[in-house]
Amino acid sequence: MQLIACPWCGPREEVEFSYGGQAHVPYPDDPGALSDEEWAHYVFFRANPKGRFAERWKHSAGCRRWFNAIRDTATYRFERVYRLDDPKPVIP
Amino acid sequence: MSPRTPGADLPEHPDSLWRSPEPERSYDVVIVGGGGHGLATAHYLAKNHGITNVAVLEKGWLAGGNMARNTTIIRSNYLWDESSAIYEHALQLWEGLEEDLGYPILFSQRGVLNLAHTLQDVRDSVRRVEANKLNGIDAEWLEPDEVRKICPVVNTSTDIRYPVLGATYQPRAGIAKHDYVAWGFARRADEAGIDLVQDCEVTGFDTDGDRVTGVRTTRGTISAGTVALCAAGHTSVLTDMLGIRVPVQSHPLQALVSELLEPVHPTVVMSNAVHVYVSQAHKGELVMGAGVDSYNGYGQRGAFHVIERQMAAAVELFPVFARAHLLRTWGGIVDTTPDASPIVGRTPYDNVYLNCGWGTGGFKATPGIGSALAHTIAHDEPHPYVAPFTLDRFVTGALVDEHGAAAVAH
């Protein structure tokens, strides 16, 4: 079983975590100004890369806190974990 | 004890069913993806529309992706009119497919039971049965004692974690042998002169305004009159190259088989609530599928705890399976959508058609989507069966919400 490094608790087994999809999808600044298409993209459309993906995870069966991770969707390898208030890390 | 060796009545593997041609530099139609949907689309382009200047481009080998990895369940008992129409169209084609392809596909209409474990499941199931009947689809609601008559190995006692409160039953549903289905389509497409080009990965597209003029591949650039994307879990990789946003998320979906057993399981049993679905293949192995792994993944493998949970559910529902040995597990990559319905039809490019988002249910649709997509390409107009499944339904709000309602296990 894969170990995932919670930024607060350290490495824990994968079953303790739940997945939150793409990270860095901010709520629209001016929701009233959005067109139907822009709303659709905010609600339904998420990136689906093969390779590095910035995504949200939650340590559900541990500290119950959310965090972000850069994970490779082809290898499933976690390359970075970082706090929600950290900027998206740049990986060379 | 059966006197026959399991699998003794299966046809021998053929030597060669199709050519392996070098790609030409230009085709009227280029289909990206040599799985079930791509091959079926090629077959019906030739058979129904006389369009044979066609290439099917496959980055690996034919039908080596989800077509080789699914659990082969075929049914049409979906809730909504739009879904039941396309899946029932597919089922009717399945019923004549062996004759059409001139190839054995071992289509066995042994029925499917979709179990209900909670009062809400029961209500949803009865509603779906009534909706199916209105759409002319065979469907029945069965009480637990009737479930036991059809499938005696299901544990219908009341003291289990997920008691069986009843099930929907579609007698015409069943299974087919997925490899033979792919081979049958491939053989017929090849006979019609369609080039099935393997080991040919698409690396980019040449565009001119709102048209795609060429498909760049690892075997050179191929110009195309029309392009159809049938790449299932890898759709986003292609649409990212085209700059088209598509609301699909690729997830691993795992399945497994047991060792070969004597016939014990006469039908197909699906349980949405506990995420397991089981049939017994012709050779005798139990074929089981799980729900999707939670995270996005292209790795064609998933986490072991998902299999473990699935086995726990399977053994409780089928106590007789407890001593069966697991032979192997594998994963495919399924492209899920927000409303658990496929996305088929036009794209922002005039001559590119999209066929994706079938999630966990693509196999059963194979002949149905093949014929409807071929029609769509031939007439440059979405076939009525695929017309509701546009990309822009996510903007207009005309979703076809099959989550949960149609026993879609994700």
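Quantities reported herein were computed from a predicted structural model and do not represent experimental measurements.

1. Considering the layout of surface pockets
Residue and element names in this part refer to chain B. When its volume is computed, the second largest pocket comes out at roughly 450 Å³. Around the second largest pocket sit 23 residues that line it, and K177, H178, V257, E285 and R328 are the ones nearest its centre. Going through the elements one at a time, α6 (178–191), β12 (249–260), β15 (285–292) and β16 (326–336) are the ones with two or more residues in the lining of the second largest pocket. When we break the lining of the second largest pocket down by domain, the ones giving at least three residues each are domain 1 (26–70 + 179–247 + 339–406) and domain 2 (109–172 + 249–336).

2. Some remarks on the packing of aromatic side chains
All names here are of chain A. In total, this model carries 18 aromatic pairs over all chains according to the counting rule given. Judged by centre distance (5.9 Å) and plane angle (85 degrees), the rings of F17 and F67 are edge-to-face. In this pair, F17 sits in the loop between β2 (10–13) and β3 (18–22) while F67 sits in strand β5 (residues 66–72), placing the two residues 50 residues apart along the sequence. A relative accessible area of 0% means that F67 is categorised as buried.

3. Let's talk about the pattern of salt bridges
Tallied over the full model, the rule gives 17 salt bridges over all chains. Salt-bridge contacts for A:D85 lead to A:R83; the nearest nitrogen and oxygen are separated by 3.2 Å. Assessed through its relative accessible area of 39%, A:R83 is described here as partly exposed. Between B:R188 and B:E191 there is a salt bridge whose closest N-O contact spans 3.8 Å. Within this pair, B:R188 and its partner B:E191 are both found in helix α6, separated by three residues, close to a single helical turn. A cluster of three or more residues bridged by salt bridges with shared partners is formed by B:K47, B:D100, B:R188 and B:E191.

4. Remarks on the sheet that holds strand β14 (residues 276–280) of chain B
All names here are of chain B. Taken in spatial order, the eight strands make up an open sheet running β5-β6-β4-β13-β14-β15-β12-β16, and their pairing is mixed. At either end of the open sheet lies a strand with only one pairing partner, and these are β5 (140–142) and β16. If you compare each strand with its neighbour and ignore which way they point, the axes differ by 20 degrees on average. The pairing of β12 with β15 spans five bridges and is classified as antiparallel. Along β15, the bridge assignment pairs L253 with V292.

5. Re the domain arrangement of chain B
Residue and element names in this part refer to chain B. Per the domain assignment, the segments of chain B are domain 1 (26–70 + 179–247 + 339–406) and domain 2 (109–172 + 249–336). For domain 1 and domain 2, the distance between their C-alpha centres works out to 29 Å. Contact residues are listed per partner, giving 18 residues for domain 1 and 16 residues for domain 2. In this assembly, domain 1 and domain 2 are joined by seven residue pairs in polar contact (both at pLDDT 80 or more). When grouped by side-chain class, the residues that make up the side of domain 1 that touches domain 2 number seven nonpolar, 10 polar and one charged.

6. Let's talk about the nonpolar core
All names here are of chain B. Counting 54 residues, the largest nonpolar core has I31 and W94 as the members making the most contacts within it. Looking at this core, the elements with two or more residues in it are β1 (26–32), α1 (36–49), β2 (54–57), α2 (81–95), α3 (97–101), α6 and α9 (362–379). If we ignore the near neighbours within four places in the chain, the residues touching W94 are I74, I105, F107, A176, V181, F363, K364, T366 and P367. V212, V215, A224 and F394 belong to the second-largest nonpolar core, a separate cluster that totals 30 residues.

7. Here we look at the side chain of B:S236
In this fold, B:S236 is placed in helix α7 (residues 235–242). Discounting chain neighbours no more than four positions away, the residues touching B:S236 are A:N48, B:V248 and B:Y298.

8. Here we look at the sheet that holds β5(A)
All names here are of chain A. Read across the sheet, four strands follow the order β3-β4-β5-β6 without closing on themselves; strand pairing throughout is antiparallel. Edge positions in the sheet fall to β3 and β6 (78–82), since each has one partner strand and no second. In this sheet, adjacent strand axes meet at a mean angle of 30 degrees when their direction is disregarded. As defined by bridge partners, β3 adjoins strand β4 (residues 52–58) across three bridges and the pair is classed as antiparallel. Residue pairing for β4: Y19 is matched across the bridge by W57.

9. Structural notes on unusual backbone geometry
Its identity as a non-glycine residue notwithstanding, A:Y76 has a phi of 70 degrees, on the positive side. Position of A:Y76 relative to the elements: it lies in the loop between β5 and β6. If you check the backbone angles, B:A232 has positive phi at about 45 degrees while not being a glycine. Take B:A232: it is sitting in the loop between β11 (220–229) and α7.

10. Side note on the packing of α2(B) against α9(B)
Residues and elements named next belong to chain B. As a packed pair, α2 and α9 sit with axes 7 Å apart at the nearest point and diverge in direction by 95 degrees. Here α2 is positioned roughly perpendicular relative to α9, judged by the angle of their axes. Judged by residue contacts, I86, Y87, H89, A90, L93 and W94 of α2 engage F363, K364, A365, T366, P367, G368, I369, S371 and A372 from α9.

11. Topic: the pairing of strand β17 (residues 343–346) of chain B
Residues and elements named next belong to chain B. Bridging between β17 and strand β18 (residues 352–356) involves four bridges; their strand directions are antiparallel. Residue pairing for β18: V344 is matched across the bridge by N355. Between β17 and the antiparallel strand that follows it, β18, lie five residues.

12. So, the interface of chain B and chain A
Interfaces are often sized by the accessible area lost when the parts come together. Between chain B and chain A, the residue contacts involve 25 residues of the former and 22 residues of the latter. Summed over both sides, the interface of chain B with chain A buries roughly 2100 Å², with 57% coming from carbon and sulfur. When residues of chain B are sorted by the area they lose upon contact with chain A, B:R245, B:Y295 and B:Y298 head the list and together hold 30% of the total. The interface formed by chain B and chain A includes zero salt bridges. If you look at where chain B meets chain A, you find 17 residue pairs in polar contact (both at pLDDT 80 or more).

Parameters and conventions
- Residues numbered from 1 in each chain as written.
- Chains lettered and ligands numbered in written order.
- Predicted model: local features only at pLDDT ≥ 70, side-chain atom pairs only at ≥ 80, totals over all residues.
- Heavy atoms only, no water.
- 1 Å grid on protein atoms, 1.4 Å probe; cavity = no way out; pocket = protein on both sides within 12 Å on 5 of 7 lines; lining within 4 Å.
- Points joined across faces, edges and corners; volume = space filled by probe spheres on them.
- Helix = DSSP H or I, 4+ residues; strand = E, 2+ residues; numbered from the N terminus.
- Domains from an automatic or database assignment.
- Phe/Tyr/Trp six-rings, centres within 6.5 Å; stacked < 30°, edge-to-face > 60°.
- Buried < 20%, exposed > 50% of the residue type's maximum accessible area, 1.4 Å probe, protein only.
- Salt bridge = Lys/Arg side-chain N within 4 Å of Asp/Glu carboxyl O.
- Pairing = 2+ DSSP bridges.
- Axes fitted to C-alpha atoms, helices over the stretch in contact; angles between N-to-C directions.
- Contact = heavy atoms within 4.5 Å.
- Polar contact = N/O pair within 3.5 Å; in protein donor to acceptor, adjacent residues only side chain to side chain.
- Nonpolar A, V, L, I, M, F, W, Y, C, P; charged D, E, K, R; others polar.
- Core = buried A, V, L, I, M, F, W, Y, C linked by side-chain atoms within 4.5 Å.
- Parallel < 35°, antiparallel > 145°, perpendicular 65-115°, else oblique.
- Buried area = accessible area lost by both parts, 1.4 Å probe.

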